Amino acid sequence: MSEVYDVVIIGGGPGGYNCAIRAGQLGLKTACIESRKTLGGTCLNVGCIPSKALLHTSELYEAAAKDFEGMGIKVDGLSYDLPKMMEGKAEAVKGLTEGVAFLLKKNKVDHIRGKGRIAGKGKVEVDGPDGKQTLETKNIVIATGSEVTPLPGVEIDEERIVSSTGALELSAVPKKLVLIGAGVIGLELGSVWRRLGAEVTVVEYLDRILPGIDGEIAKQSQRIFKKQGFSFELARKVTGIDKTDSGLTIATEAADGGKEKSFEADVAIVCIGRRPYTDGLGLETVGIEPDKRGFIANDHFQTSAEGVWVVGDCTHGPMLAHKAEDEGTACAERIAGKAGHVNYDAIPGVVYTHPEIASVGATEEQLKEQGRKYKTGKFSFMANSRARANHETDGMVKLLADAETDELLGAHMIGKGVGEMIAELCLALEFRAASEDIARTSHPHPTMTEAIRQAAMGVEGWTMQA
Ligand code: FAD
Ligand code: NAD
């Protein structure tokens, strides 16, 4: 035990590595412990990045197969090469995880491989390929992320019954694919395999898809996904899966305990959410008790134990990479005595399907629940010139603003590329803009972003196109 660190971070995902880089920039002596071979956490290794790589290639393939001809582009003998697609995905992951290692080095952060365990105040034990060691530190940051929520009675084998991790590695396109859960992972990974030819059935416990997304947008997206070939079995729960030589039989019953129905499949993806991962972390040695769902509570990232901080998926809030990143950065700033802060009202969410779904701020349901008076502005991409020119007219923009002050409260969109467009509305929320500020801001023509401006005009009823 030689030198005392200012900060030891357990976990090298977006929460941990951003915390480490910022701590290094602020001149703190920092170590980041990661048990995987590579840095980047769930996001870079088995989450955001590999899923987006496959979403991109499969979207291009489907466009070539289904849309090109209608636009006057002839493609003969179109086919896909799954191993090559997987290679492209692996290349993106490799480049990015190596990039994180480079950034840690550049910012003088010690990257220590192994499993970290808190061993009382100011002590972290690491068990890694180079043996065991104990680090001494003034601050510990827990950034251990999350893991797949298991479905009771269903064993994930990562071959036929897979989590998102197995679903990113399938060696062949399943003929019949069942998604258990109509959340973000199900719809994204279901889209990948549907585009490549799988027949996809989604079994969802609730009577709607994408809980948490504005209801009107979720309904519209369900209609679009259905048109694409997804089959939805809502208000239905999986009661068991039988493995046979020829495949899987998935037993379900209505969520209210009613009618039973079974589905045949080659592959099933269990995607019913994720839960905090804090196994073997030694929380008891510093008196931290996670809540019933396993989350570690925090007040400005400080846990109940002095000198122990927490960021990312293993604490409360949306399980998103950019939320973990924002928390990691702000946490390092707090440790350095600065005023790090995260505005939880302005964290966007994007579902990277086609079309994409993007939202930030309050949903209409939340405003109703709060009893807040609001005005709504909507604009369909059907009336947007760029969308029409590009034959990408599915979707809409919906803005919610305070009825009295006109302050923007929420933005919800479905449409081609809205995942990029949402950043404008995050900025608007950060600056507490009024819908009129957006309506009077020049937007380039012809772009899909004009639909945002038109929706903002619609809040006061002066939309120009309709
Ligand atoms: P993680 O990324 O989970 O990182 C935690 C790290 O800690 C892991 O690498 C783990 O190995 C390590 N660790 C755990 N315990 C220890 C220990 N004791 N010692 C040492 N190391 C340890 N979010 C988005 O915003 N956009 C997306 O498009 C998106 N797509 C996703 C797609 C999929 C398929 C999945 C599964 C998730 C996706 N997410 C997405 C969610 C995103 O990946 C997470 O919100 C994000 O990775 C959380 O970051 P984190 O740093 O809190 O945890
Ligand atoms: P989710 O919470 O998005 O969706 C899970 C779905 O499963 C819900 O609709 C839920 O009602 C349903 N469900 C729960 N129990 C069920 C059961 N027994 N039977 C049938 N349905 C059931 O979770 P996810 O899709 O697994 O994603 C996990 C996390 O990863 C999310 O928090 C998400 O934020 C994150 N993620 C984000 C992105 C993105 O930002 N694009 C992509 C992938 C994952």
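For the structure, see preceding data.
About the thresholds
Residues numbered from 1 in each chain as written. Chains lettered and ligands numbered in written order. Predicted model: local features only at pLDDT ≥ 70, side-chain atom pairs only at ≥ 80, totals over all residues. Heavy atoms only, no water. Helix = DSSP H or I, 4+ residues; strand = E, 2+ residues; numbered from the N terminus. Rg over C-alpha atoms; globule rule 2.2 N^0.38 Å. Buried < 20%, exposed > 50% of the residue type's maximum accessible area, 1.4 Å probe, protein only. Pairing = 2+ DSSP bridges. Salt bridge = Lys/Arg side-chain N within 4 Å of Asp/Glu carboxyl O. Axes fitted to C-alpha atoms, helices over the stretch in contact; angles between N-to-C directions. Near = heavy atom within 4 Å. Polar contact = N/O pair within 3.5 Å; in protein donor to acceptor, adjacent residues only side chain to side chain. Areas by Shrake-Rupley, 256 points an atom, 1.4 Å probe, with all protein chains shown as cover. Nonpolar A, V, L, I, M, F, W, Y, C, P; charged D, E, K, R; others polar. Domains from an automatic or database assignment. Expected span 1.5 Å × (residues − 1). Contact = heavy atoms within 4.5 Å. Core = buried A, V, L, I, M, F, W, Y, C linked by side-chain atoms within 4.5 Å.

Caption draft 1: Here's a closer look at the overall build of the protein chain. For the protein chain, the helix and strand inventory stands at 13 helices and 22 strands. Since a compact globule built from 466 residues should have a radius of gyration of about 23 Å, the 24 Å found for the protein chain is in line with a globular shape. In terms of its C-alpha atoms, the protein chain occupies a principal-axis envelope of roughly 70 × 65 × 50 Å. Within the protein chain, buried positions represent 52% of all 466 residues.

Caption draft 2: Representation of the pairing of strand S12 (residues 236-243). In this structure, S12 lies alongside strand S13 (residues 248-254), joined through 7 bridges in antiparallel fashion. Its bridge partner being in S13, Val238 is matched across the sheet by Thr252.

Caption draft 3: Highlighting the pattern of salt bridges. In the structure shown here, the tally under the stated rule is 31 salt bridges. Residues Asp157 and Lys243 are paired through a salt bridge, measuring 2.5 Å at the closest nitrogen-oxygen approach. Residue Asp157 is found in the loop between strand S7 (146-148) and strand S8 (161-162), and its partner Lys243 is found in strand S12; the two are separated by 86 residues along the sequence. For Asp157, a relative accessible area of 27% puts it in the partly exposed group. Taking relative accessible area as the criterion, Lys243 reaches 44% and is therefore assigned partly exposed. Put simply, Glu233 and Lys261 hold a salt bridge, and the shortest N to O gap is 3.0 Å. You can see Glu233 sitting in strand S11 (residues 231-233) and its partner Lys261 sitting in strand S14 (residues 260-265), a full 28 residues away along the chain.

Caption draft 4: Structural context of the sheet that holds S12. What the 3 strands build is an open sheet, ordered S12-S13-S14; its pairing is antiparallel. Whereas interior strands pair on both sides, the edge strands pair on one side only; in this sheet they are S12 and S14. When strand polarity is set aside, the average angle formed by the axes of neighbouring strands in this sheet is 25°.

Caption draft 5: Region of the structure containing the site of ligand 1. Every one of the 39 residues lining ligand 1 counts as a neighbour, but Gly15, Glu34, Thr42, Lys52 and Gly116 are closest to it. Ser35 has a polar backbone atom sitting 3.1 Å from a nitrogen atom of ligand 1. At 3.2 Å from an oxygen atom of ligand 1 is found a main-chain nitrogen or oxygen belonging to Leu320. Burial of ligand 1 by the protein amounts to 94% of the accessible area it has alone, namely 1,000 Å². When contributions to the shell around ligand 1 are tallied by element, the ones reaching two or more residues are helix H1 (14-25), strand S2 (30-34), helix H2 (41-46), helix H3 (48-67), strand S4 (115-118) and helix H8 (321-335). If one sorts the elements of the shell around ligand 1 by residue count, H2 sits on top with 4 residues. For the shell around ligand 1, the residue count by class is 15 nonpolar, 18 polar and 6 charged.

Caption draft 6: Broad picture of the site of ligand 2. Taken together, the neighbourhood of ligand 2 is formed by 22 residues, with Ile185, Glu188, Glu204, Gly273 and Val350 sitting nearest. One of the backbone nitrogen or oxygen atoms of Val184 is found 3.2 Å away from an oxygen atom of ligand 2. Between ligand 2 and the protein, one listed contact pairs an oxygen atom with a backbone N or O atom of Met319 at 3.1 Å. Burial of ligand 2 by the protein chains amounts to 78% of its free accessible area of 840 Å². A breakdown of the residues in the shell around ligand 2 according to their chemical character gives 15 nonpolar, 3 polar and 4 charged. Residues from two domains meet in the shell around ligand 2; each of domain 1 (4-147 + 275-342) and domain 2 (161-272) gives at least three.

Caption draft 7: Structural context of helix H4 (residues 82-106). The end-to-end C-alpha distance of H4 is 36 Å, a good match for the 36 Å that 25 residues give at a rise of 1.5 Å each. Those residues of H4 that fall on the buried side of the exposure criterion are Leu82, Met85, Met86, Lys89, Val93, Thr97, Val100 and Leu104. Tucked inside the fold, the buried residues of H4 contact H1, S2, H2, H3, strand S3 (110-113) and helix H6 (184-195).

Caption draft 8: Representation of the sheet that holds strand S10 (residues 199-203) in the model. The parallel open sheet is built from 5 strands, whose spatial order is S8-S15-S9-S10-S11. Every interior strand has two partners, whereas the edge strands, S8 and S11, have only one. Where S10 meets S11, 3 bridges bridge the pair, whose relative direction is parallel. Note on S11: the bridge partner recorded for Thr201 is Ser231.

Caption draft 9: Region of interest: the nonpolar core. Within the largest apolar cluster, 37 residues are counted, with the highest numbers of intra-cluster contacts made by Leu177, Trp193, Phe230, Ile269 and Ile357. Residue assignment for this core shows that the elements contributing at least two residues are H3, H4, strand S9 (176-180), H6, S10, helix H7 (215-228) and strand S15 (267-270). Apart from residues no more than four positions distant in its own chain, Phe230 is found in contact with Leu179, Leu187, Gly190, Ser191, Arg194, Val200, Val202 and Phe225. Among the nonpolar cores identified, the runner-up in size contains 30 residues, and Phe381, Cys426, Ala433 and Ala439 belong to it.

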